Protein chains: 2
Amino acid sequence: MELSERKKRILRAIIESYIATAEPVGSKSVAEFLDRKLSSATIRNEMADLEALGLLEKPHTSAGRIPSPKGYRFYVNELMEAHKLSVQETERINQALRLKMEELDRVIDQAGRVVSQLTNYPAFALSSGMERVTIRRFDLLMVERNAFIIVVMTDSNVVRNKLVQLPSDLTEAQLQMLNTLLNATFTGLTLDQITPELMRVAQHAAGDAYGLISLVVSFAMEVLESLEQRRVHTAGLAHLLELPEYQNLERAQPLMTYLSDVQDENRFPVPQGGPMRILIGPENVADALKETSVVMASYDIGEGMRGVIGVVGPTRMDYAKITARLAYFAEGLTRLFNRGELPGGKTDSDDRKTGGNAL
Amino acid sequence: MELSERKKRILRAIIESYIATAEPVGSKSVAEFLDRKLSSATIRNEMADLEALGLLEKPHTSAGRIPSPKGYRFYVNELMEAHKLSVQETERINQALRLKMEELDRVIDQAGRVVSQLTNYPAFALSSGMERVTIRRFDLLMVERNAFIIVVMTDSNVVRNKLVQLPSDLTEAQLQMLNTLLNATFTGLTLDQITPELMRVAQHAAGDAYGLISLVVSFAMEVLESLEQRRVHTAGLAHLLELPEYQNLERAQPLMTYLSDVQDENRFPVPQGGPMRILIGPENVADALKETSVVMASYDIGEGMRGVIGVVGPTRMDYAKITARLAYFAEGLTRLFNRGELPGGKTDSDDRKTGGNAL
DNA sequence: TCTTAGCACTCATTCGCCCTGAGTGCTAAT
DNA sequence: ATTAGCACTCAGGGCGAATGAGTGCTAAGA
C-alpha cells in the first residue's frame, strides 16, 4: 500500500487524535491540527479516499472517522514513531524491577502486575519455552523412616521438590540405592522420553522396590509436567473499566470474563516471532479479543527459557508508548535474570547471584 | 431483639425474595408469598414496624422495602435455614477437590478459583497461621563446584529450595561442614529467634566461611519470611459484572479495583473466630467493602497451618447456599490435606499420601 | 383490638418528542 | 487541484407526560 505523503499525515493525525480522545475525529479538527494549510473540504476528500482504502471507518453518517484495524496496522508498521521514555518512566520501571524476584511463578505473576500498573491496561504474563526440559539430577533426602524429600533439578537449573510419605519404612541404604538408580536411569531424558515403557524398564530393574520406584518416578513426571504446563497470570483487570470503550457493560463483561478465565486455558495468543508482537483487533484468534489489541514482549529467563508479558486493551491503544514501556521492561527482566544487574540503583540480587530459580 | 412469629415470617419472606430478585419487595407480593392469609394492608403495617426496628429500608417513598444490613444480620443469625446441598452440588465440589493439589501456593490459588466457579461470586483465598514456623532441617546439595541447592524444611513439613551460585568454588567437605553447622545452629528456631544477633554468632563461629554462611542464612530467612507473608489470591472478578447491583459502573469500579489490588496488601478482613465467618456490609473494615458482604470459611492444612477461602458479593447474597457450599468445600480441603481421602471417587492422592507440601 | 378495604399520594422509570450541533457529501467557483 | 457553501443526516440531550408499583392513612368490620 503506497500513500501520498499528505494522506499519511492525515491518517496519522486521525489515529493519534483518536488514540488520545476515543472520539471520532472530523475533517475540521484534522485541518486544525495540520495548521490549517488545507481546508476541511480537502481533508474530507482525502478522508473519503482513506476510507475507500479501508484504513478508516465511520461509526455512522454524521460522525467523524475512526481508524479501522487495517488503519492501525498501517500505523504500527509504517507511521508510528518510537516513543521516547522519559526519565521518570525509566526510573519507575527500574524501580519495579528491583522487586524481590525469587520464585519463578511469583516473578511471572509479579511481572504481570507491574506491567499493568505501568501501562494502566490489564496485563498478562506467562512463561514458555520449557518444552525441552531434561532431568539433570535427583536427590532423595531422608526425613523420617517413612518419609523423604525428593529434589529434582533440570538442566535449566530449575529445582523442584516434594515431600513424599510412604506407607512403609525405608532404610538409609535403600534410599541411597534408589537415588543412584534414578540418576542412572533418567538423567538427561526429556519428558517425552520417559515413556511408560521406560518406566516399566526401571521398575523391572528395581525388583522388589517396584512400587516405591514407580511412586518416585511418577513424582518426577509430575514435576516435569508442572514445568511444561503454562499458566497465564492476569493482573489489573480493573483498569478495563476506566476506559471509555468499556463503560458499556455489554462490551466489558465478555472481555472481563475471558481474561479472568484464560488462566485455566492454555489457549492464549502465542507469541511466535520477534521479541515484540502486536495483534490488532481481528488479528486475534480468540473471539473475545476480536475488538481488542494485544501487545506483548518476550524476555529471556536464561537457560533457554523465555517469558512473555503483555497488555490487552482497546484497538485504540497508544501503541508507541506501550511498546516502548513493554520493551524496556522486558529488556530489564532479561538483564535481571541473566546478570542480575540493573541500570542505576542496587538490585536485590547484586551480590547473591542466583542462576536458576527454584520453586 | 424479639419479634413475633408473624414478623419473622414476613421479614424472612422479604429477605429471601430480595436475595433472589434484587428488586425491592412490596406488601402485595409478600401477601402473595404467604398464601394470602393476610391482606397486603396488614403486611404493610408489619413492614412499617420492621422498618422502625431498623431491619428494613426503603430506597425511596414509593418502592418496596429492602433489608438493611441489620436485617441481614438478624436473618443470618436467627432466621436462616441451612441450605441442603444437592447431590449435584456435592458431586461438583468433590470433583473440584480431585484436582492435583501440589504446591501450596497453587492450591490456594486454585481453591479460590474453584470457589468462585462454585458460587458465581468473586472469591479470594489466603493462607495463614504460619506465624510460628520453625526450621526443621537444612540440606545442601552440591551441583557444581560453585553452585549448590539449599533445601529448607520446616516443622510443618513445608519444603523450599533454591539454587545458590557462589562467586568462588567450594569443596564437598566444606559444604558438608556448612550443612552440619547450619543444622546445629538453627534447627528448632522460629523466625523471630533468628535475630541479627544470632546471625552474628553463627558467622563468628564459622570463621572464614563468614560470607558464605551469611549468604545461606539470609536465604533461609527469606524462605521463612515468604512463608509468613500472606498473599491474597483473588479469582472470578468478572462474576461481579453479572450481578444487577454492579451493572452500574460507578459501583462496580471501586470494588473491582479494590479486589484486584488487595493481592498486594496484607490488609484484608482477617477471620478471627469460628470456621465460618460472615461480614455484612458496614461490618467490613475496608471502605470498598462497606456495601458488600464477605463470607469466609477456614480449613486445616495440617501441621498447624490454616487456609481461608471466601467470597465477596452484594449484601444481598444467598447466605444459606453460599455458607453451605463454602463449608462443604473447606471441609473437603481439610480432609484432603489431612488424610488425602474424599467421599466417593478416587482421588489423585489416594495411594500416595503427601503429608506436607513442598513449593 | 386486630384486620382489611379503599383511596389519595409519591416518585422512579419509560417513552416520545424536539432541538442542537457536529460532521458529511456534493457542487460550483477559483 | 483546492475551497467555500449548502443541504442533509443523525446521535445525544433535555423535557414533559404517562405509567404503575407501592405506600400511609382512615374508617369500617370481626
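Residues numbered from 1 in each chain as written. Chains lettered and ligands numbered in written order. Predicted model: local features only at pLDDT ≥ 70, side-chain atom pairs only at ≥ 80, totals over all residues. Heavy atoms only, no water.

Visitor: Please explain the overall build of chain A as it appears in this structure.
Guide: A tally of helices and strands in chain A yields eleven helices and ten strands. The burial tally for chain A puts 56% of its 359 residues in the buried class. The long-range share in chain A, meaning contacts at least 24 apart out of those at least 6 apart in sequence, stands at 60%. A total of about 15,600 Å² of accessible surface is found on chain A, and carbon and sulfur atoms cover 49% of it. (Helix = DSSP H or I, 4+ residues; strand = E, 2+ residues; numbered from the N terminus. Buried < 20%, exposed > 50% of the residue type's maximum accessible area, 1.4 Å probe, protein only. Contact = heavy atoms within 4.5 Å. Areas by Shrake-Rupley, 256 points an atom, 1.4 Å probe, with all protein chains shown as cover.)

Visitor: Teacher, can you tell me more about the sheet that holds strand β5 (residues 147–154) of chain A here?
Guide: Paired through backbone hydrogen bonds, the strands of a sheet run either parallel or antiparallel to each other. All names here are of chain A. Read across the sheet, three strands follow the order β4-β5-β6 without closing on themselves; strand pairing throughout is antiparallel. The open sheet has two edge strands, β4 (135–144) and β6 (159–165), and neither has a second partner. Each strand axis lies, on average, 20 degrees off the axis of its neighbour in the sheet, ignoring direction. In this structure, β5 lies alongside β6, joined through seven bridges in antiparallel fashion. Bridge pairing links Phe148 to Val164 in β6. In this fold helix α7 (residues 172–186) packs onto β4 and β5, with an angle of close to 170 degrees to the strand it touches most, β4. (Pairing = 2+ DSSP bridges. Axes fitted to C-alpha atoms, helices over the stretch in contact; angles between N-to-C directions.)

Visitor: It is not clear to me how the nonpolar core should be interpreted in this structure. Could you clarify?
Guide: Side chains of nonpolar character tend, in soluble globular proteins, to be buried together. Ranked by internal contacts, the top residues of the largest apolar core, which has 155 residues, are A:Tyr319, A:Phe329, B:Ile309, B:Tyr319 and B:Phe329. Apart from the residues lying within four places of it in its own chain, the contact partners of A:Phe329 are A:Ile93, A:Ala96, A:Leu97, A:Ala111, A:Val114, A:Val115, A:Leu118 and A:Ile309. Core analysis: the second largest hydrophobic core is formed by 25 residues, A:Phe148, A:Leu175, A:Leu181 and A:Ile194 among them. (Core = buried A, V, L, I, M, F, W, Y, C linked by side-chain atoms within 4.5 Å.)

Visitor: What should I look at first to understand the pattern of salt bridges in this one?
Guide: Any two side chains of opposite charge can pair, on the condition that their charged atoms come close. On inspection of all chains with the given rule, the structure shows 34 salt bridges over all chains. B:Glu46 is the salt-bridge partner of B:Lys7, the closest N and O atoms lying 2.9 Å from each other. Here the residue B:Lys7 occupies a position in helix α1 (residues 5–21), and B:Glu46 occupies one in helix α3 (residues 40–52), the gap between them amounting to 39 residues. Assessed through its relative accessible area of 6%, B:Glu46 is described here as buried. Each member of the salt-bridge network shares a partner with another, and the members are A:Arg6, A:Lys7, A:Glu46 and A:Asp49. (Salt bridge = Lys/Arg side-chain N within 4 Å of Asp/Glu carboxyl O.)

Visitor: What is the right way to look at the protein's contact with DNA strand D in this model?
Guide: The environment of DNA strand D is made up of 21 residues, and the closest members are A:Arg6, A:Thr42, A:Thr61, A:Ser62 and B:Ser27. Of all atoms in DNA strand D that approach within 4 Å of the protein, 79% are sugar or phosphate atoms. Between DNA strand D and B:Arg44, the relevant distance is 3.2 Å, taken from a base nitrogen to a side-chain nitrogen or oxygen of the residue. The biggest single contributor to the surface near DNA strand D is helix α3 (residues 40–52) of chain A, with four residues. Partitioning the surface near DNA strand D into residue classes produces four nonpolar, eleven polar and six charged. (Near = heavy atom within 4 Å. Polar contact = N/O pair within 3.5 Å; in protein donor to acceptor, adjacent residues only side chain to side chain. Nonpolar A, V, L, I, M, F, W, Y, C, P; charged D, E, K, R; others polar.)

Visitor: Could you clarify how one ought to interpret the protein's contact with DNA strand C in this entry?
Guide: Looking at DNA strand C, there are 21 residues lining it, with A:Ser27, B:Arg6, B:Thr42, B:Thr61 and B:Ser62 nearest. Considering DNA strand C, the proportion of its atoms within 4 Å of the protein that are sugar or phosphate atoms stands at 79%. Here a phosphate oxygen of DNA strand C and a side-chain polar atom of A:Arg65 are 3.1 Å apart. The element contributing the most residues to the surface near DNA strand C is α3(B), with four residues. When its residues are assigned to classes, the surface near DNA strand C shows four nonpolar, eleven polar and six charged.

Visitor: Please explain the sheet that holds strand β4 (residues 135–144) of chain B as it appears in this structure.
Guide: Residue and element names in this part refer to chain B. Strands sit in the order β4-β5-β6 across an open sheet of three strands; the sheet is antiparallel. Since the sheet does not close on itself, it has two edges, and those belong to β4 and β6 (159–165), each with one partner. With strand direction ignored, the average angle separating the axes of adjacent strands in the sheet is 20 degrees. Helix α7 (residues 172–186) rests against β4 and β5 (147–154) of the sheet, and its axis sits at about 170 degrees to β4.

Visitor: Can you walk me through the packing of helix α5 (residues 87–97) of chain B against helix α11 (residues 319–338) of chain B in this structure?
Guide: A pair of packed helices is captured by two measures, namely the crossing angle of their axes and the spacing between those axes. Residue and element names in this part refer to chain B. The contact between α5 and α11 brings their axes to 10 Å, and the two run at 40 degrees. In terms of orientation, α5 lies oblique with respect to α11. Considering how the two elements wind past one another, α5 and α11 form a crossing that is right-handed. The segment α5 lies against α11, with Glu89, Thr90, Ile93, Asn94, Ala96 and Leu97 engaging Lys321, Arg325, Tyr328, Phe329, Gly332, Leu333 and Leu336. Considered class by class, the residues forming the contact of α5 with α11 number seven nonpolar, three polar and three charged. (Parallel < 35°, antiparallel > 145°, perpendicular 65-115°, else oblique. Left-handed = near helix turned anticlockwise from the far one by under 90°.)

Visitor: Teacher, can you tell me more about the confidence of the model for chain A here?
Guide: If pLDDT is low for a region, its predicted coordinates should not be looked at in detail. Taken residue by residue, chain A gives an average pLDDT of 82. The fraction at 70 or more is 79%. Contacts of residues 344–359 of chain A to residues separated by more than four positions or lying in other chains number 46 contacts, the stretch itself having pLDDT below 50. (pLDDT = per-residue confidence, 0-100.)

Visitor: Explain the side chain of A:Asn179 here, please?
Guide: Along the chain, A:Asn179 turns up in helix α7. In this structure A:Asn179 touches A:Phe138, A:Asp139 and A:Leu140, once residues within four positions along its chain are discounted.

Visitor: Explanation requested: the environment of A:Ile150 in the structure shown.
Guide: All names here are of chain A. Inspection of the secondary structure assignment puts Ile150 in strand β5. It is 7.9 Å that separates the C-alpha atoms of Ile150 and Val216, two residues lying 66 residues apart in sequence. Not counting residues within four places of it along the chain, the set of residues in contact with Ile150 comprises Phe138, Asp139, Leu140, Arg160, Asn161, Lys162, Val164, Val216 and Phe219.

Visitor: Even after reading the chapter, I still don't get unusual backbone geometry, so can you show me in this structure?
Guide: For residues that are not glycine, phi is negative in most cases, and the peptide bond is trans in most cases. With phi around 65 degrees, A:Ala22 is a residue other than glycine that occupies positive phi space. The topology assignment puts A:Ala22 in the loop between α1 (5–21) and α2 (27–33). Here B:Asp35, not a glycine, exhibits a phi torsion of approximately 60 degrees, which is positive. Among the secondary structure elements, B:Asp35 is positioned in the loop between α2 (27–33) and α3.

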